[in-house]
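A look at the structure
Letter by letter, the chains look like this.
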Amino acid sequence: MTNTYSFDKSRIKVVLVEGIHENAVTYFRENGYSDIEYYREALSGSRLEEKLRNAHIIGIRSRTEIRSDMLRKAQRLIAVGCFSIGTNQVDVHEAKMAGIPVFNAPFSNTRSVAELVIAECIMLMRGIPEKNHLARNRIWMKSASNSVEVRGKTLGIIGYGHIGSQVSILAESLGMRIIYYDIEKKLTLGNATPVSCLEELLKYSDTVTIHVPSTDLTRNMISGRQVAMMKKGACLINASRGDVVDYKAVAEGLRTKQLSGAAADVFPQEPASAEEPFTSELQEFDNVILTPHIGGNTLEAQANIGLEVAEKLVKYSDTGSTIGAVNFVEISLRPNASKQRFLHIHANVPGVLKEINNVFSSRNINIAAEFLQTDPELGYVIVETDSELDHSVIRDLRNIPHTIRVRVLF
Ligand code: NAI
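Figured I'd write up the structure that's included with this text. Each chain carries its own residue numbering, running from 1 in the written order of its sequence. The predicted origin of the model limits local features to residues at a pLDDT of at least 70 and limits the giving and counting of side-chain atom pairs to 80 or more, whereas totals for whole chains, interfaces and linings rest on all residues. Computation of side-chain values covers all heavy atoms of the structure but excludes hydrogens and water.

1. Remarks on the overall build of the chain
Broken down by element type, the chain carries 13 helices and 16 strands. For the chain, the spread of C-alpha atoms along the three principal axes comes to 85 × 45 × 35 Å. Between buried and exposed lies partly exposed: a residue is buried under 20% and exposed over 50% of the maximum accessible area for its type, with that area taken using a 1.4 Å probe on protein chains only. The burial tally for the chain puts 48% of its 410 residues in the buried class. Between two residues, a contact is recorded if the distance between any of their heavy atoms is within 4.5 Å. Restricting to contacts in the chain with at least 6 residues of sequence separation, those with at least 24 account for 65%. For the chain, the exposed area adds up to about 20,200 Å²; of that, 50% sits on carbon and sulfur atoms. One way to put it: in the chain the 46 positive side-chain charges average out to a point 2 Å from where the 48 negative ones average out. In DSSP terms, a helix is any run of H or I states spanning at least four residues, a strand is any run of E spanning at least two, and both are numbered starting from the N terminus. Surface accessibility in these figures is a Shrake-Rupley result with a 1.4 Å probe; residues are shielded only by whichever protein chains are displayed. Here the positive residues are Lys and Arg and the negative ones are Asp and Glu; neither His nor the chain ends is included. Every charge is mapped onto a representative atom, which is NZ of Lys, CZ of Arg, CG of Asp or CD of Glu.

Written out as structure tokens, the structure reads:
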């Protein structure tokens, strides 16, 4: 006879704060999680600590900070979901060392950014920001000068990753020629053409758009020298990270008419809230579009984030799979109701696996399957058996030296 195992999900407490999109709540409920606490506001201090002490899963956005001292006290916590792109609001290394994977949604807003970039590209090449400014100041500047179609023009994409490649597809459907530069070899979409160096891209592009991460290599990758290499009268768009572009150099390029327009969504110093003033070298120019880091902020992106992170959390809780965790070794497993699953997270030191196996072999329990992943600091092993649950197994697994966390899915 084959046993069927299913664990009692109603005992898993899910705490969601900061008004996370309702898609997340629906997804947890549809998957059998009924103990859900939902808060519209961000939590901090003792209130957050109390929630963390009782929660098995916590979902936050960017205003709730989970720091190492709180993680140490969160004995029940099995996972953190950052319903955001970044994970800076959590001490992810400390979470890892506490055996807690942290999940996020890095690509839920890719399309939103790409659409904004396309819109800005058209606006800049038509000279709309300047005409808009004049019209608001009662000046009727009905002129075709500095106003061109994007069709047939060259868009240079720096960084052909998730966003860059989406921009490529959308721009090509408008009839643009696409060239791109990436440090990695990429699968080229449509008729885009890779170029071998940044200089080549700058030389031939009518508009340049940047989609790289912030790294030592990309910091100020567009500076005075690069602006000077661009086509006379080209436009520049940055919706990647603020420190990738030296905006002083862009301002100088606009002043000398080397650039005919620019759009910036990200800045080296961004205000934390609407109460703080925002200043930029680009504010004095009429042919510039400035936006407050909203490239990825759409209702669709919020909905996608709600679903994407909830899916990852449920998958981890149900199966032990850590795919998509930012701080954890990755194990990907399908649900298997015919097996009992033990999850063992430990410091990666020699001998722990042997001890784990001993716990089962000393009871004559057959291990049906075993999955192990390690990084230099952490080991994560999932053991599958098909015996009845013996609670002393969990106790003995917990007692193995260097054990961080043990869970059983039965
Ligand atoms: P991704 O990781 O999918 O793509 C980045 C690409 O840049 C990769 O193909 C990589 O090989 C390439 N790259 C890295 N260093 C490079 C270099 N030195 N030269 C040329 N290429 C280089 O990232 P994704 O999702 O496309 O995001 C791109 C940027 O957009 C990131 O900086 C991200 O933070 C930002 N972003 C901005 C948003 C906004 O609201 N404005 C929203 C989402 C992302």
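Picking up where we left off.
2. Details of the site of the ligand
Only heavy atoms are used to decide nearness, and a residue is near a molecule or strand if one of them lies within 4 Å of it. For the ligand, the set of nearby residues contains 26 residues, the closest of which are His162, Ile163, Asp182, Val212 and Asp265. Identification of polar contacts relies on pairs of N or O atoms within 3.5 Å, with a donor-acceptor requirement for protein atoms, meaning one able to donate a hydrogen and the other able to accept it, and with residues adjacent in sequence counted only if both atoms are side-chain atoms. Note that an oxygen atom of the ligand is positioned 2.6 Å from one of the side-chain N or O atoms of His162. Between the ligand and the protein, one listed contact pairs a nitrogen atom with a side-chain N or O atom of Asp265 at 2.9 Å. When the free accessible area of the ligand is taken as 860 Å², the share hidden by the protein chains comes to 85%. Think of it as three bins: nonpolar holds Ala, Val, Leu, Ile, Met, Phe, Trp, Tyr, Cys and Pro, charged holds Asp, Glu, Lys and Arg, and polar takes everything else, Gly as well. By residue class, the composition of the shell around the ligand is eleven nonpolar, ten polar and five charged.

3. A few points about the packing of aromatic side chains
Two aromatic rings, drawn from Phe, Tyr or Trp (for Trp, its six-membered ring), form a pair once their centres lie within 6.5 Å of each other, and the interplanar angle then sorts them: stacked below 30 degrees, edge-to-face above 60, tilted otherwise. Summed over all chains, the structure comprises seven aromatic pairs. Each ring, one from Tyr160 and one from Tyr180, has its centre 3.7 Å from the other, and the planes form 10°; the classification is stacked. Note that Tyr160 is positioned in the loop between strand 6 (154-158) and helix 7 (162-173) and Tyr180 in strand 7 (residues 177-181), a separation of 20 residues in sequence. According to the relative accessible area criterion, Tyr160 is buried, its value standing at 2%. Residue classification places Tyr180 among the buried residues on the basis of a relative accessible area of 3%. Ring plane angle 75° and centroid distance 5.8 Å describe the contact between Phe328 and Tyr380, whose orientation is recorded as edge-to-face. With Phe328 in the loop between helix 11 (299-319) and strand 13 (340-347) and Tyr380 in strand 15 (residues 378-385), this pair connects stretches of sequence that are 52 residues apart. Within the aromatic cluster, the residues linked to one another by ring pairs are Tyr247, Phe267 and Phe278. If you follow Arg407 out to its NZ or CZ, it ends over the ring of Tyr316, 5.6 Å from the centre. Two limits define a charge over a ring: the Lys NZ or Arg CZ must be within 6 Å of the ring centre, and within 35 degrees of the ring normal.

4. Some details on the sheet that holds strand 2 (residues 36-38)
For two strands to be treated as a pair, DSSP must find no fewer than two bridges joining them. The strand order across the open sheet built from five strands is 2-1-3-4-5, with neighbouring strands paired in parallel fashion. Bordering the open sheet on either side are strand 2 and strand 5 (102-103), each of which pairs with just one other strand.

In short, shape yes, function no, at least from these values alone.
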